[in-house]
Amino acid sequence: MGDIWAYRVSRQGDISLVALSGEVDMSAEEELADVLLAELRRPGTAVLRVDLDAVTFLDSSAINVLVQVFNTARESGRHLHIVRAHRTPLMVLEMTGLMPLLAPDEGDEQ
């Protein structure tokens, strides 16, 4: 794993926010999944927000992780929401058709 991406976790009530930054690609796949699933499964977490504001690149492996975590959240009665996606990450999510699923209330999540 390289230093091309990073994350920061913050929590408020039943909401966990994982803010990603940098280039989130296949080198980040395993750690990204571990981080997101750990936050999702943390006792008391009802909503996991993934902030993409500082992400400059998002590849298919990262999209795959987001979909897997979304499905895990749904199966456990919790929620995953993408927030502040713009530029390249937004374009990738829109091209895959995932924005309505992963960020249904993008305007309300900020």
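Our subject is the structure that appears above.
Residues numbered from 1 in each chain as written. Predicted model: local features only at pLDDT ≥ 70, side-chain atom pairs only at ≥ 80, totals over all residues. Heavy atoms only, no water.

> Help me understand the side chain of Asp-51, please; the structure alone is not making it clear to me.
Tracing the sequence through the fold places Asp-51 in strand E3 (residues 47–58). Within polar-contact distance, the side chain of Asp-51 engages the side chain of Arg-84 at 3.0 Å. Not counting the four nearest positions on each side in its chain, Asp-51 is found in contact with Leu-17, Val-18, Ala-19, Leu-20, Val-83 and Arg-84. (Helix = DSSP H or I, 4+ residues; strand = E, 2+ residues; numbered from the N terminus. Polar contact = N/O pair within 3.5 Å; in protein donor to acceptor, adjacent residues only side chain to side chain. Contact = heavy atoms within 4.5 Å.)

> Is there a simple way to think about the pattern of salt bridges in this case?
Pairing is possible between side chains that carry opposite charge, provided their charged atoms lie close to one another. Evaluated as defined, the whole model comprises 3 salt bridges. A salt bridge links Arg-11 to Glu-39; the shortest N-O distance between them is 2.5 Å. Taken as a pair, Arg-11 in strand E1 (residues 5–12) and Glu-39 in helix H1 (residues 29–41) lie far apart in primary sequence, 28 residues in all. A relative accessible area of 46% places Arg-11 in the partly exposed class. Its relative accessible area of 7% is what places Glu-39 among the buried residues. In this structure, the salt-bridge partner of Asp-51 is Arg-84, at a minimum N-O distance of 3.0 Å. Of this pair, Asp-51 sits in strand E3 while Arg-84 sits in the loop between strand E4 (79–83) and helix H3 (87–96), placing them 33 residues apart in sequence. Since its relative accessible area comes to 33%, Arg-84 is described here as partly exposed. (Salt bridge = Lys/Arg side-chain N within 4 Å of Asp/Glu carboxyl O. Buried < 20%, exposed > 50% of the residue type's maximum accessible area, 1.4 Å probe, protein only.)

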